[in-house]
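What follows is the residue order along each chain.
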Amino acid sequence: MLQSIFRGLSGNRRHRVVACLVAGVLLLPLTAASSATVSEKKEPGRQIADMVTKQRYFWDTVDHSKLKELQQVFTSGEQITDACLSCHTDADQQLKKTFHWTWTDPNSPEKNRRGKAQYSVNNFCLSTNAMHDHHCSECHIGWAGKGKAAAIDCLRCHGQKKFNFEEAFEDYEAFSTSGDEDDREMANEAQSEIQEAAQAVGRPTRRNCGSCHFSGGGGDGVKHGDLDSSMTTPHKSLDVHMGMDGQNFECVRCHTTIRHNVAGRFYATPAASQRESLIENDLSQKIMCESCHSAQPHKVGSKMNDHTDTVSCQTCHIPSVARVLPVQMWWDWSKAGKMKDGKPYEVKGPYDRLTYASTKGDTRWGKNVPPEYYWYSGSLSGPTLKDSIDPTQTIRLAWPVGSRKDKNARIFPFHVHRGQQPYDIERNKLLAPLLSGENGFWTTFDWKDAISRGQKFLDLPFSGKYGFVRTEYVFPSTHMVAPKDQALACAECHTRPKSRLANLTGFYMPGRDRIKVLDLAGWVLLFGSLCGVMLHGLGRFISNGKGRKG
């Protein structure tokens, strides 16, 4: 058909068609090159991230509602766990070796273990008292807040339905033993709801993780600054990775898991031992920015790529924390225990948050808080309840490890929580009062008794004399990654006198720092050049005047 059409054309038209075809063939490579050029404009880091996160959807191979093991009558959470373990036979052994269960850093010294269940101390809820403080144990992944003595609660991380099991078990027990037909019907309804919740399981979601991590420290947004309930269903303007209208990543997308060990940092143990992308090692855990974006994430030739060996991605891409909900900045335990008309009381301040409570003392809150910046190699250091302190100094309970000389260290953003807390005046060591429960400080308002009880749970002495010392505790900022058009501008750091990095010294930063000799040399050069130009101009003016007279 094409041949007949070609023959029907006049001579001149045939020549034009042939010329167009030849030109098209010749231009094909140029078109391909042009397309390649367009695609190359995308930052290398973005291309790599697209490759390693291309598959966004997961699949299930089992419908748990059809399993007979989950269709039985359940009267306790432990029975649900037994049903889970009848199929997932190794889950119990795996989980009980993880940090989420032990609350212990396995890499810390045997005689001075770090971790919530050990001798670590903070400046918000102070200590778990070896997991005897039942308020703290509410976040432990065992049933009924019984700590490590309890059976694992699989549904804390895998349950997909928000459900109060404790209340449902109580209802079932009360109604099932009644002889009333209506009560038995209500018992059947309660049991049906229990089974439905037990069957609704899946991979951990932001709601699962956030049930503890968003409310650590006793309330929503108390601790981190970059983790609070606003991250449950965030917009991408709050976090480009987790935004519901963006990438919509769940926590486990980056916090990958092997045998229930969730990737991430805890105490002195870094989140990762090597900085490598998944292109370099496809078995690497997706916990570092470099994992998906590589160490050269920006466009080829971009000056920003020259910063990645000393500046973390988070420093520029997390300009502030607590952008939706406020974060606690200060907690002064020395003010706790005051009464009004013989009764404990509370005072609310900005952001509708408590600024005073008899149970907790003074607190302060902030919103849209710029981070503080320090050199960081991935781990934190600080004293435990066993270590001696200097009460004349501010005690850094958790502080970044790293320096400019450390090749693995980067300038990193942190939320810093400050406050005052009890210490032993005679022993010069921090103290761990029992806070919750019948004999805790929140009930008795008796510091001496609460401290004595808390120390006994940890098998630590107490002289009977206590005071209060100022402390600081840092939280690395890794969430609330803002869109790139909201990243820090160069002038935020390379400026004087309000550089974000003003506290980091020992090196020269253009725009921020001055070297007097260089400044003087520059002014001399400028002044000399100006004088030279003026003398040259004067000489030309004089010589031109003499020429006109001749």
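Residues numbered from 1 in each chain as written. Predicted model: local features only at pLDDT ≥ 70, side-chain atom pairs only at ≥ 80, totals over all residues. Heavy atoms only, no water.

A few points about the pairing of strand β3 (residues 327-332)
Operational definition: Summary of the burial criterion: residues with accessible area below 20% of their type's maximum are buried, those above 50% are exposed, and those between are partly exposed, where the area comes from a 1.4 Å probe applied to protein chains only. Here a helix means four or more residues in a row that DSSP labels H or I, a strand means two or more in a row labelled E, and each is numbered from the N terminus. Whether two strands pair depends on DSSP finding at least two bridges between them.
Taking burial as the measure, the six residues of β3 include five buried ones, the bulk of the element. Bridging between β3 and strand β6 (residues 361-366) involves five bridges; their strand directions are antiparallel. Looking at the pairing, Trp330 lines up with Arg364 of β6.

Things to note about the packing of aromatic side chains
Threshold: We call Phe, Tyr and Trp rings a pair once their centres come within 6.5 Å, taking the six-membered ring for Trp, and we label the pair stacked below 30 degrees between planes, edge-to-face above 60, and tilted otherwise. A positively charged side chain is recorded as over a ring if its NZ (Lys) or CZ (Arg) lies within 6 Å of the ring centre. The angle to the ring normal must also be within 35 degrees.
By the definition in use, this model includes 19 aromatic pairs. Of the aromatic side chains, those joined through ring pairs into one cluster are Trp331, Trp333, Phe441, Phe445, Trp447, Tyr466 and Phe468. We note Arg253 situated over the ring of Phe249; from NZ or CZ to the ring centre the distance is 5.1 Å. Note that Lys340 overlies the ring of Tyr345, its terminal NZ or CZ placed 4.5 Å from the centroid.

Observations regarding unusual backbone geometry
The omega torsion across Arg496 and Pro497 is 15 degrees, close enough to zero to call that bond cis. Position of Pro497 among the secondary structure elements: in the loop between β12 (466-476) and α16 (516-549). Positive phi, close to 55 degrees, is recorded for Asn129, a residue that is not glycine. In this fold, Asn129 is placed in the loop between α6 (99-102) and α7 (134-137). For Asn129, a relative accessible area of 0% translates into the label buried. Although it is not a glycine, Asp459 sits at a positive phi angle of roughly 60 degrees. Relative to the assigned elements, Asp459 resides in the loop between α15 (447-457) and β12.

Comments concerning a negative patch on the surface
Spelled out, the test is: Patches here: salt-bridge-free residues with over 30% relative accessible area, like charges joined within 9 Å, nonpolar side chains (Val, Leu, Ile, Met, Phe, Trp, Tyr) joined within 5 Å. Throughout, the Shrake-Rupley method with a 1.4 Å probe supplies accessible areas, and for residues the shown protein chains are the sole cover considered. A carboxyl oxygen of Asp or Glu within 4 Å of a side-chain nitrogen of Lys or Arg is what we treat as a salt bridge. When charges are counted, Lys and Arg are positive and Asp and Glu negative, with His and the chain ends excluded. Where a charge lies is defined by one atom per residue type: Lys uses NZ, Arg uses CZ, Asp uses CG and Glu uses CD.
Together, Glu166, Glu167, Glu170, Asp171, Glu173, Asp180, Glu181, Asp182, Glu185, Glu189 and Glu193 make up a negatively charged patch on the protein surface. Of all the secondary-structure elements, those providing two or more residues to the negative patch are α9 (165-176) and α10 (181-199). Relative to the helices and strands, Glu167 resides in helix α9. By relative accessible area, which is 46% here, Glu167 ends up partly exposed.

Some points on the nonpolar core
To keep it simple, the criterion reads: What is meant by a nonpolar core is a set of buried Ala, Val, Leu, Ile, Met, Phe, Trp, Tyr and Cys residues, joined one to another through side-chain atoms within 4.5 Å. Contacts were defined at the residue level, with two residues in contact if any of their heavy atoms lie within 4.5 Å.
Membership of the largest hydrophobic core comes to 42 residues, with the highest contact counts inside it found for Trp333, Leu385, Phe414, Leu430, Phe441 and Tyr473. For this core, the secondary structure elements donating two or more residues are β7 (372-376), β9 (395-400), β10 (410-424), α14 (441-444), α15 and β12. Apart from residues lying up to four places away in sequence, Leu385 is in contact with Tyr119, Ser120, Val121, Ser127, Lys429, Leu430, Leu431, Ala432, Leu458 and Leu460. In terms of nonpolar packing, the next biggest core, distinct from the first, is built from 20 residues, Leu70, Ala83, Ala91 and Phe165 among them.

Some thoughts on the confidence of the model for the protein
The test is simple: Known as pLDDT, the predictor's confidence for each residue is given on a scale from 0 to 100.
Confidence in the prediction for the protein averages 87 pLDDT; 87% of positions are at 70 or higher. With pLDDT under 50 throughout, residues 1-10 is counted as low confidence; its partners more than four residues away or in other chains account for six contacts. Confidence drops under a pLDDT of 50 for residues 17-40, and excluding neighbours within four residues, the segment shows five contacts in the predicted structure.

Some points on a nonpolar patch on the surface
Judged by side-chain polarity, Tyr508, Ile515, Val517 and Leu518 come together as a nonpolar surface patch covering roughly 410 Å² of accessible area. Structurally, Ile515 can be placed in the loop between β12 and α16.

Considering the pairing of β6
Relative to β6, strand β5 (residues 354-357) is paired through two bridges, and the arrangement is antiparallel. Paired with Tyr356 across the strands is Asp362, a residue of β6. In sequence, β5 turns back onto β6 through a hairpin of three residues.

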